[in-house]
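Structural overview
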Amino acid sequence: MNETDLKPADARARKPRRDLTRNKPKGTILAERRDEHRRLAMVHARGKLAPVDVAELERSGLSAAQVHERRAAELTNAVAHESSRSVWAIVRANVFTLFNTVLGSCLVLVLLAGDPRDALFGFIVLANAAIGVVQEYRAKRTLDKLAVLHAPLARVLREGREQDLAVADVVQDDVLLLRTGDQIPADAIILAAESLEIDESLLTGESDPVIKGPGDMALSGSAVVDGYGTARVHRVGAEAYASALTAEARRFSLVNSEIRNSINRIILYIAWALIPIILLVINGQMSAHGGWAAAIDSGAWRIAVISAVASIVAMIPEGLVLLTSISFGMAAVTLARRKVLVQELPAVEGLARVDMVCLDKTGTLTEGSMEWDGSTVFGPVPGWEQVLAWQGAHPNANATTSALAAKYDDVPVERPTAELPFSSARKYSSVTFGDGALAGEWVLGGPEMVLTHESHKEALEASSEASGRGLRAVVLAHRPVNGEGDLQAVALLTFHEKIRSDAAETLQYFREQGIELKIISGDNPRTVAIVAREVGFDFTGDGYDARDMPEDREAMTEVLERESVLGRVTPEQKKSIVLTLQSMGHVVAMTGDGVNDALALKHADMGIAMGSGAAATKAVSRLVLLDGKFSHLPSVVAEGRRVIANVERVANLFLTKTTYAILISITIALLMWRYPFLPRQLSIVSSMTIGIPAFFLALLPNARRYQPGFLRRTLMFAIPAGTIVAVCIMAVYSYAHAFPHTTLGTEHVVREAQTAVTMTVLVVALWVLGALARPFDRWRALLVAAMVAGLALVMAVPFARTFFALDIPSGGLLAVTIAVTATGCLAIELLYRFLKRRGAVSERE
């Protein structure tokens, strides 16, 4: 029996699926199956494995001795890949970067040609790399432990018993027991199948499930969406089709991250700009010391090299990538402690960008388990209670049919002659018994999907009344063994779901944050509407019946603009709804737990699976709520917002420095003046105004709502702020250059000028920090105050002044320094207030 034999009254036409076995002659299938088993026998011979009795294998699976033999031959499903980045990958990402290469070269030059005190920036680079490695390694260990603890299991047949194993413990020739929702752990050959349909979209990109029969290949990484069966493991470990694909997908994030994309663009721009600027700076510094020939002859080239190094070091935002990585890693660890597994680190940012959340009802708003409520009998047919017992005891029973076992436990001995498992697309299942007491076709499913309106008004009215009370209703219908006549309603069965205690409060949080909500469920629209009202949805009507949903994208857009509660939605429609909402400009999150949600979860910007969900569903999700608590989502949103807002502040600090460093480097090079800073002076500037405060700012709480345009806003502040700082530096340096105090000696004049510009950039940059740290709370105020105190301490302690080559300026230079610094701080304040009115910066938290 197949789907077309049943023809229930209201079944809707749906897209045809590929069928790789139905059109094959039986002899061809058997021949292919024999060939494949023969090929496996050759593999066994090469690997010195004992021959396998195929018939015995299908009956009982592998024995303990056979399993031990395969483990000894290393024919297990273990793969050397880790669930996240390896230690070497973390070290490489934090140490062997473009910027570290440039800074490392500068460090070598300073150590060879200059004063070791000017190599202070080298320790900062090493500290940054060390902090990055340690923090990412800690995050890796936490996430790896969590991933192992909650790793999916494989169901196999061994020594005649069903066993659940870790995926890595599966060995070649194991017999897999495939059920709806399972993810296939290794390449396998189907041995037996009952309406088995497998979704291979993760591997092939084709969304239509593929019907599988004996002899067909099932690829690792694919998911069972309908039916059940058994399969013999064919290829394991690194040889499996999806092994490399799965490992690579888990190792690095593929989620769309605005922060990561923007920072990558910034780094690319700076990297290209560095090449000509470095050449220009080196030429300018050599010219400032008498030209290339004179500088080389006199030894002044050493001073020129140190000045060029100072310029290059200032232009590189070396800590920006580090702090972004740390922010993601720390957020993932924080969420892991709350039982939220982040499968891709930038996913914490992704949910903060979401403005549309699509919710599946069962398992998300409700607890997922069904409880028996009652039954209404219309036309009893002998044996109907035994049929329900058979449904409840079926190994592939879903949540609804499993609940039947609590009421009906008289499982018949008679075996069916054919069965069609429940499908989320068709909303019903069927089973056919032969000539015994249970003879005939029995159909269990949604009443409006199985019964005709004309012939079954009583049953459909009872179903509607139950749905109006928030109950799930399914009907058991029967057709005589000869297959003639319509299906006749036997009994209406009702079930109830428990609403999650945290659902209403969580949805209220989303509404307060301006996030739109839609419930898309496969249940009866009236049942979905009742649940929606219980969790706080304010709408009129009985929900939208997705069987009337148009396929045209524009028409679907009109429906989705109007409707927020939809029932009888098929898996393919869930995916289409997600894609349509994305085409409308929404960033879409989808929550779900069943395999019928997997397609939509995969295509959503942010897929969120429940910890109790199907293995295939969790595999395609960005986040997994391990304990199934919906109330964790606000904390995920809060972490995402903290990451975005704090990284934006940090980026403003780093890019302001990069802007003024580039501008003064180009200006000094064109004027052929000596560079106004020593590397050690820039080290103190970078540490006190950027490095230290940025580290703490990146980790502090921040609840500011997400606003798109991270890169635009950052550049709108950083470029003008950096320009203001550069103008202040050049103004002070120009005065010192034009009016030198020659009576005090050339070296003292140079140090006074360097001190004046260092004081200028320190004070103005600290004002930038103060502006970006707003609104002040106890911690941010303490942070800014500590940096100001550090500045005062450096200038007050003789040892610090000597170490950093600082001489307090006097006379006209001191007066100009104070005046220019005050003007710069005022200009930064005006810029901040102007951009705040324009919405380019925000104090709202």
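Residues numbered from 1 in each chain as written. Predicted model: local features only at pLDDT ≥ 70, side-chain atom pairs only at ≥ 80, totals over all residues. Heavy atoms only, no water.

Glancing now at a nonpolar patch on the surface. A cluster of nonpolar side chains, Leu268, Tyr269, Trp272, Ile275 and Leu279, forms an exposed patch at the surface whose accessible area comes to about 610 Å². Counting through the fold element by element, Ile275 comes out in helix α10 (residues 258-288). (Patch = residues over 30% accessible without salt bridge, like charges linked within 9 Å, V, L, I, M, F, W, Y side chains within 5 Å. Areas by Shrake-Rupley, 256 points an atom, 1.4 Å probe, with all protein chains shown as cover. Salt bridge = Lys/Arg side-chain N within 4 Å of Asp/Glu carboxyl O. Helix = DSSP H or I, 4+ residues; strand = E, 2+ residues; numbered from the N terminus.)

Turning to the nonpolar core, a few remarks are in order. Counting residues in hydrophobic clusters, the biggest one holds 136 residues, and the most contacted among them are Leu351, Leu365, Leu507, Phe537, Leu623 and Phe717. The element contributing the most residues to this core is helix α26 (residues 633-671), with 16 residues. Contact partners of Leu365, with chain neighbours within four places excluded, come to Leu359, Asp360, Ile499, Arg500, Ala503, Leu507, Ile519, Val531, Val535 and Phe630. Counting residues in each nonpolar core, the second largest holds 21 residues, with Ile520, Val578, Met590 and Ala604 among its members. (Core = buried A, V, L, I, M, F, W, Y, C linked by side-chain atoms within 4.5 Å. Buried < 20%, exposed > 50% of the residue type's maximum accessible area, 1.4 Å probe, protein only. Contact = heavy atoms within 4.5 Å.)

So, about the sheet that holds strand β21 (residues 623-625). Spatially, the eight strands line up as an open sheet ordered β8-β21-β20-β19-β9-β16-β18-β17, and their pairing is mixed. Each edge of the sheet is formed by a strand with only one pairing partner; in this case those strands are β8 (340-342) and β17 (544-545). The sheet contact formed by β8 and β21 spans three bridges and is antiparallel. Looking at β21, one finds that Leu341 is bridged to Val624. (Pairing = 2+ DSSP bridges.)

The next subject is the pattern of salt bridges. Summed over all chains, the structure comprises 25 salt bridges. Note that Arg562 is salt-bridged to Glu563, the shortest N-O span being 3.3 Å. Within this structure, Glu69, Arg70, Asp173 and Arg232 form a network of salt bridges that share partners.

Here we take up the packing of helix α22 (residues 553-562) against helix α23 (residues 571-583). Two elements in contact, α22 and α23, have axes whose closest approach is 10 Å; the angle formed by their N-to-C orientations is 85°. By the angle class used here, α22 and α23 are roughly perpendicular. Within the contact between the two elements, α22 uses Arg553, Met556, Thr557 and Leu560 and α23 uses Ser576, Ile577, Leu579, Thr580, Leu581 and Ser583. A class-by-class count of the residues in the contact of α22 with α23 yields five nonpolar, four polar and one charged. (Axes fitted to C-alpha atoms, helices over the stretch in contact; angles between N-to-C directions. Parallel < 35°, antiparallel > 145°, perpendicular 65-115°, else oblique. Nonpolar A, V, L, I, M, F, W, Y, C, P; charged D, E, K, R; others polar.)

Turning our attention to the side chain of Asn646. Its place among the elements puts Asn646 in helix α26. Polar contacts involving the side chain of Asn646 include one to the main-chain carbonyl oxygen of Leu700, which spans 2.6 Å. (Polar contact = N/O pair within 3.5 Å; in protein donor to acceptor, adjacent residues only side chain to side chain.)

All told, the structure shown has twelve aromatic pairs when counted by the stated rule. Taken together, a centroid distance of 6.1 Å and an interplanar angle of 80° make the contact between Trp390 and Phe433 edge-to-face. Of this pair, Trp390 sits in helix α16 (residues 384-393) while Phe433 sits in strand β12 (residues 428-433), placing them 43 residues apart in sequence. Residue Trp390 is classed as buried on the basis of its relative accessible area of 6%. A centroid spacing of 6.3 Å and a plane angle of 35° characterise the contact between Phe799 and Phe803, whose relative ring orientation is tilted. (Phe/Tyr/Trp six-rings, centres within 6.5 Å; stacked < 30°, edge-to-face > 60°.)

With 87% of its residues at a pLDDT of at least 70, the protein reaches an overall mean of 80. Counting contacts from residues 1-30, a segment whose pLDDT is below 50, to residues more than four positions away or on other chains yields 60 contacts. (pLDDT = per-residue confidence, 0-100.)

Moving on, we get to the pairing of β12. For β12, the buried fraction is high: six of the six residues fall into the buried class. The alternating pattern of β12 places Tyr428, Ser430 and Thr432 on one face and Ser429, Val431 and Phe433 on the opposite face, and all of these are buried. Pairing geometry for strand β11 (residues 418-420) and β12, over three bridges, is antiparallel. Residue pairing for β12: Ala418 is matched across the bridge by Thr432. Sheet analysis places β12 next to strand β13 (residues 440-445), joined by six bridges and oriented antiparallel.

Right, let's get into unusual backbone geometry. A cis amide bond, omega -5°, links Arg774 with the succeeding residue Pro775. Relative to the assigned elements, Pro775 resides in the loop between α29 (746-772) and α30 (778-796). Of note, Met672 is a non-glycine position whose phi angle comes to about 60°, a positive value. Following the sequence through the fold, Met672 ends up in the loop between α26 and α27 (679-699). What makes Met672 partly exposed here is its relative accessible area of 43%.

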